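Spelled out from the first residue to the last, the chains are:
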Amino acid sequence: MSVTSRGSSLKAARRKICWIAAGIGLLSSGGVNAKGVAPRPILATSAQIDAEQTLLRLLRDPALQAVQSQLKAELARTPTGRTADGAARIDEAVAQLTNSLIFKHLASYRPAPAFLWGTDDTPRTWLGHTLGGVGMAGDNPDNIYRAATIDGRRRYEIIGQFDVRHRPAQFSIEIFGGEAGDPKMKDQNAKHADLGNQIAMLTDSDLVISPDGNFRVTLGGKADGPNHIAGTPGIETIAIRDSLSNWTQRPTRLTIRPLDGAPPAPYDPAELRRRVIAELPAHIRFWSAFGTTWVGGLQPNTIAGPIARDGGWGFLAGFRYKLAPGKALLITTTSGGARYTGIQVTDPWMIASDARKYQTSLNLSQAKPNADGSYTYVIAPTDPGVANWVDTAGLHDGYGILRWQGFPAGAAKGDLLRDFKVIDIADLDRIAGLPRVTPPERRAAIAARRTGYESRLH
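What you are looking at is a predicted structure, and each value in this text was computed from that prediction instead of being measured. (Residues numbered from 1 in each chain as written. Predicted model: local features only at pLDDT ≥ 70, side-chain atom pairs only at ≥ 80, totals over all residues. Heavy atoms only, no water.)

**Structural notes on the overall build of the chain**
Put simply, the rule reads: For helices the rule is a DSSP run of H or I covering at least 4 residues; for strands it is a run of E covering at least 2, with both sets numbered from the N terminus onward. Burial status follows relative accessibility: with a 1.4 Å probe on protein chains alone, a residue under 20% of its type maximum counts as buried, one over 50% as exposed, and anything between as partly exposed. Contact definition: two residues touch when any of their heavy atoms are within 4.5 Å. In short, Shrake-Rupley with a 1.4 Å probe defines the accessible areas, and a residue's cover is counted only from the protein chains shown.
When its secondary structure is counted, the chain shows eight helices and 20 strands. Expressed as a percentage of the 458 residues in the chain, the buried residues total 54%. The long-range fraction of contacts in the chain, counting pairs at least 24 apart against all pairs at least 6 apart in sequence, stands at 77%. A total of about 18500 Å² of accessible surface is found on the chain, and carbon and sulfur atoms cover 55% of it.

This is how it looks when you write it as structure tokens:
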């Protein structure tokens, strides 16, 4: 039984029945079905709809709002909260971190596992409602993140299908111990890109995939197909990433189901509420301070990496910017042959601004290369007129991430990062060959971002 059928209003249940009766319950995209009705977006599964409706109800709970208010006051007293940029973003940080905790429990406390699209710092308006950002720690707008929580002692199968004409640059399935977003790390002060609790990792390069884009992955027990992940005792999270090098690429169609015939687990909406309220303080305290220890801790205008991702599926470099008026951060990189590479910036709480409105990130399809094939990015709070401006949305203090994924076999990180320095914005005019844009071209690029981002909602 779904979350909606047990805990939501009769109105929501009737609406769900009408959707199914109208023939739009297919997980598809584009075109119309036999009855002439546009199918439901790939990401708008029944479990996703239930989860978002449940989250929106929880956010109206006075007890939850009271805890949020206390935590805002607490964050305002921290070193980050006493800065101008930190103070300006406290409300957004608490809102997004609250949403991330709710999605953690929606993924883990449910009758049966399902992939939920939680993490996304950009708000989404679809399905008749608006969901605020769901952020946690430098989340990437080029990634469509989904997660499901499973019991490592049981057997499951994942059925997937790529849109063969619009495949992601990289697709990955990562299994790690515990529930998604747990505030636990093996060594917070070590220079790790990840949490260090990975159990298994598969990318599309590892999977056996049919010519039409279909694949099957089994988890736990004995392998009964080419794509198999062994189980381990305890709670596990399956983290899915569709990494898009172009925002016209489509998310992978996915379902998960148990294979051992165990009955659905009991579900009580009141218990979900209790868990969220009880865990919110620890969750926000940990993730709001994550940047202070991430990749070993970063001083202003320094960078760590590139660092290999757990499981060897790519590299990451983390940096912190703290820019005086008239200053910018200049970074030059190469793709190294990776199918995906991108740069993103966040605020001091590691929460990013709306990726539709601001050029807070750039991937290979959005950035313009230098003559030698490298890429030079300029991080600044105001538009300096260069093509690869990464917009901090007016902030002078925050974090940034460079990512490289989908390398050919045997690739190394040697030449990925070429330059990293603070410069005077006035000096940009003296850099020969730096790609530039006009104001109309910038407006067109931002409009294209909105259209491209919102394609994942349809």
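**Describing the pairing of strand β8 (residues 214-219)**
Put simply, the rule is: Two strands pair if DSSP finds at least two bridges between them.
Summarising the sheet, strand β5 (residues 156-161) and β8 pair through six bridges and their orientation is antiparallel. From the neighbouring strand, Y156 faces β8, where its bridge partner is L219. Here β8 pairs with strand β9 (residues 228-229) via two bridges, running parallel. From the neighbouring strand, L219 faces β9, where its bridge partner is I229.

**Focus on the sheet that holds strand β11 (residues 253-258)**
The mixed open sheet is built from four strands, whose spatial order is β9-β8-β5-β11. For this open sheet the edge positions go to β9 and β11, each flanked by a neighbour on one side alone. With six bridges connecting them, β5 and β11 associate as antiparallel partners. When the sheet's bridge partners are listed, I158 is paired in β11 with I256.

**Some points on the confidence of the model for the chain**
Heads up, the condition is: Per residue, pLDDT captures the predictor's confidence, and it can take any value from 0 to 100.
On average, residues of the chain carry a pLDDT of 89, and 88% of them reach 70 or more. Within the model, the stretch residues 1-32 combines pLDDT values under 50 with 58 contacts to residues more than four positions away or in other chains. The low-confidence segment residues 185-189 (pLDDT under 50) makes 12 contacts with residues lying over four places distant or belonging to another chain.

**A look at the side chain of S108**
Relative to the helices and strands, S108 resides in helix α6 (residues 90-108). Exposure remark for S108: the relative accessible area of 18% places this residue in the buried category. In contact with S108, not counting residues within four places along its chain, are T149 and E179.

**Digging into the packing of aromatic side chains**
Just so we agree on the cut-off: Whether two aromatic rings pair depends on their centres lying within 6.5 Å, for rings of Phe, Tyr and Trp, where Trp uses its six-membered ring; planes under 30 degrees apart make the pair stacked, over 60 edge-to-face, and the rest tilted. For a lysine, the NZ atom is tested; for an arginine, the CZ atom; a charge sits over a ring if that atom is within 6 Å of the ring centre and within 35 degrees of the ring normal.
Taken as a whole and assessed by the stated rule, the structure comprises 13 aromatic pairs. Measuring from centroid to centroid gives 5.5 Å for F171 and F215, while their planes differ by 55°, and the two rings are tilted. On the criterion of sequence distance, the pair formed by F171 in strand β6 (residues 170-177) and F215 in strand β8 is long-range, its members being 44 residues apart. Given a relative accessible area of 4%, F215 falls into the buried group. Considering the side-chain rings of W294 and Y399, the 6.5 Å spacing of their centres and the 75° angle between planes classify their relative orientation as edge-to-face. Here W294 is found in the loop between α7 (269-288) and β12 (302-308), whereas its partner Y399 is found in strand β19 (residues 397-405), with 105 residues between them in sequence. An aromatic cluster is defined as three or more aromatic residues linked by ring pairs; in this entry it consists of F162, F171 and F215. When the ring centre of W117 is taken as origin, the NZ or CZ atom of R124, which lies over that ring, is 3.6 Å away. Its end group placed over the ring of W247, R456 keeps NZ or CZ at 5.3 Å from the ring centre.

**Details of the sheet that holds strand β7 (residues 198-203)**
Reading across from one edge, β1-β4-β10-β6-β7 is the order of the five strands in this open sheet, with antiparallel pairing throughout. Bordering the open sheet on either side are β1 (116-117) and β7, each of which pairs with just one other strand. Relative to strand β10 (residues 235-243), strand β4 (residues 143-151) runs antiparallel, the two being bridged by nine bridges. When the bridges of β10 are listed, T149 appears paired with T237.

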